[in-house]
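Analysis of the macromolecular model
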Amino acid sequence: MLKSFKTEINPTEEQKHKINKTIGTCRYIYNFYIAHNKELHDKGEKFMSGKAFSVWLNNEYIPNNPDKIWIREVYSKAVKHSMEDACTAFTRFFKHQSGFPRFKKKSRSDVKMYFVKNNPRDCCCERHRMNIPTLGWVRFKEKGYVPTTKDGWIIRSGTVSIKAGRYYVSALVDVPEHKFTGNFTEGIGIDLGIKDFAIVSNGRTYKNINKSAKIKKLEKQLRRGQRCLSRKYENFKKGESTQRNIQKQKLKIQKIHQRINNIRTDYINKTIAEIVKTKPSYITIEDLNVRGMMKNRHLSKAVASQKFYEFKAKLKIKCDDNGIKLRIVDRFYPSSKLCHCCGSIKTDLKLSDRIYKCDCGYVEDRDFNASLNLRDATTYEIAL
Ligand SMILES: [Zn+2]
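The text that follows walks through the structure, step by step, so that each part is easy to find.

Conventions and cut-offs
Residues numbered from 1 in each chain as written. Predicted model: local features only at pLDDT ≥ 70, side-chain atom pairs only at ≥ 80, totals over all residues. Heavy atoms only, no water. Axes fitted to C-alpha atoms, helices over the stretch in contact; angles between N-to-C directions. Helix = DSSP H or I, 4+ residues; strand = E, 2+ residues; numbered from the N terminus. Left-handed = near helix turned anticlockwise from the far one by under 90°. Contact = heavy atoms within 4.5 Å. Pairing = 2+ DSSP bridges. Donors = N, O, S within 2.8 Å, 3.2 Å for Na, K, Ca; no water. Tetrahedral: all angles 85-135°; square planar, octahedral: opposite > 155°, others 65-115°. Buried < 20%, exposed > 50% of the residue type's maximum accessible area, 1.4 Å probe, protein only. Expected span 1.5 Å × (residues − 1). Patch = residues over 30% accessible without salt bridge, like charges linked within 9 Å, V, L, I, M, F, W, Y side chains within 5 Å. Areas by Shrake-Rupley, 256 points an atom, 1.4 Å probe, with all protein chains shown as cover. Salt bridge = Lys/Arg side-chain N within 4 Å of Asp/Glu carboxyl O. Lys, Arg positive; Asp, Glu negative; His and termini not counted. Charge placed at Lys NZ, Arg CZ, Asp CG, Glu CD.

Two elements in contact, helix α5 (residues 243-277) and helix α8 (residues 308-322), have axes separated by 10 Å at closest approach and are oriented at 35°. In this structure, α5 meets α8 at a crossing whose hand is right-handed. Contact residues: Thr 265, Ile 268, Asn 269, Thr 271, Ile 272 and Val 276 in α5; Glu 310, Phe 311, Lys 314, Leu 315, Lys 318 and Asn 322 in α8.

Mapped onto the elements, Ser 54 comes out in helix α2 (residues 50-64). Every residue in contact with Ser 54, bar those within four places of it in the chain, is listed here: Lys 80 and Met 83.

As summarised here, the arrangement of the four strands in space is β1-β6-β5-β2, forming an open sheet in which the pairing is antiparallel. Bordering the open sheet on either side are β1 (2-9) and β2 (113-116), each of which pairs with just one other strand. Sheet twist, expressed as the average angle between the axes of neighbouring strands with direction ignored, equals 20°. Here β1 pairs with strand β6 (residues 166-174) via eight bridges, running antiparallel. Looking at β6, one finds that Leu 2 is bridged to Asp 174. With respect to the sheet, α5 is in contact with β5 (154-163) and β6, its orientation differing from that of β6 by roughly 35°.

Distances from the zinc ion to its protein donors, namely Cys 339 (SG), Cys 342 (SG), Cys 358 (SG) and Cys 360 (SG), fall within the range 2.2 to 2.3 Å. Between the four donor atoms coordinating the zinc ion, the angles at the centre fall across 104 to 117°, so the site counts as tetrahedral. Exposure remark for Cys 339: the relative accessible area of 2% places this residue in the buried category.

As a further point, take α2. The end-to-end C-alpha distance of α2 is 20 Å, a good match for the 21 Å that 15 residues give at a rise of 1.5 Å each. Where α2 is concerned, the buried positions are Gly 50, Phe 53, Ser 54, Trp 56, Leu 57, Tyr 61 and Ile 62. Of the surrounding elements, those touching the buried residues of α2 are α1 (13-42) and α3 (76-94).

Burial analysis of strand β11 (residues 325-329) places four of its five residues in the buried class, which makes it a mostly covered element. Two strands pair when backbone bridges link them, and strand β10 (residues 282-286) and β11 are joined in this way by five bridges, in the parallel orientation. Paired with Ile 285 across the two strands is Ile 328, which belongs to β11. Direction of pairing for β11 relative to strand β14 (residues 381-382): antiparallel, over a ladder of two bridges. Bridging from a neighbouring strand, Ile 328 pairs with Glu 381 of β14.

Another point: unusual backbone geometry. Note: most residues except glycine have negative phi, and most peptide bonds are trans. Backbone geometry at His 96 places phi at a positive 60°, although glycine is not the residue there. Topologically, His 96 is positioned in the loop between α3 and β2. Given the relative accessible area of 76%, His 96 is considered exposed.

Moving on to a positive patch on the surface. On the surface, a cluster of positive charge is contributed by Lys 220, Arg 223, Arg 224, Arg 227 and Arg 231. Counting through the fold element by element, Lys 220 comes out in helix α4 (residues 213-237). Judged by its relative accessible area of 47%, Lys 220 is partly exposed.

All quantities given are derived from atomic positions and should not be read as evidence of function.
If you want it as structure tokens, here you go:
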């Protein structure tokens, strides 16, 4: 089973230059391939496959156009891969699966630098760095996330990409299935919420990261940055600011967005890792009506920032990897209203009632009570 691991890297200036140049060349070749096929089509000639294009490029085009020799200055496997990508785009078009292939624009392009393991020394991965063909050892920002070669993991291929001025590597790793054996503990229920992010029936509570000082500070910076941007637009109209200034401010905002996003994703990953590490035999969560919650004007921002969808999707993957059953209880199950002690239902429970008090004398934190009910739910579906 191949699994992909993506993490931020910290390339040297020289490596950055190489990555930029390779991605630039790949983009050029991608567009060139599309343009070339358009031309062939207009002349009534046959479509050229990626392979045929590669042969033509190397044996005819470059020798006849010495000013294009720079195409050969970057990692050839990456360039070849961009032709295959473009060829796939055409194949999808021919099969009516997508529209006519589009040119990749420089500003909004998702072109990546592909690499592949060709000899034993390629793609070696240590805790803090990875050996990428033509780039050499590249340092990770987060150590120990990508599985290391020393532990017997093999990286088959991967890509290097750039987003908002940051560099990332995504590695495809051969992962043996069900690595996780041993004894499971009893099942757990997780109540997801707005006040706290997750309340687990084993007593752990994961706070809402958006209420942390770090995120609040970044959000403040973001608001300030956006105000500054609209001011720059105003000044641009008056001729007092330049397009370049606006672009610079946009990048600044993008970077803050990215940082907030990274913190949130990181938090989800850590939460899931910690929950799965307790080896529960099953995990029960509620089928969240995220779309319904998003319609609520007062909740939508809070819900979106909690990334429940991402949490659920990633939890599912982790559960699969570890042989844990993920149970989904439908959203009409009264997990909050049910008394975990006597089983009666409190119909007048308000969202503001943080403590659950039952007539039977049972008193418990509202969300913790819900997590216990989820754990013990008897009607559920197994997530597939
Ligand atoms: Zn009760």
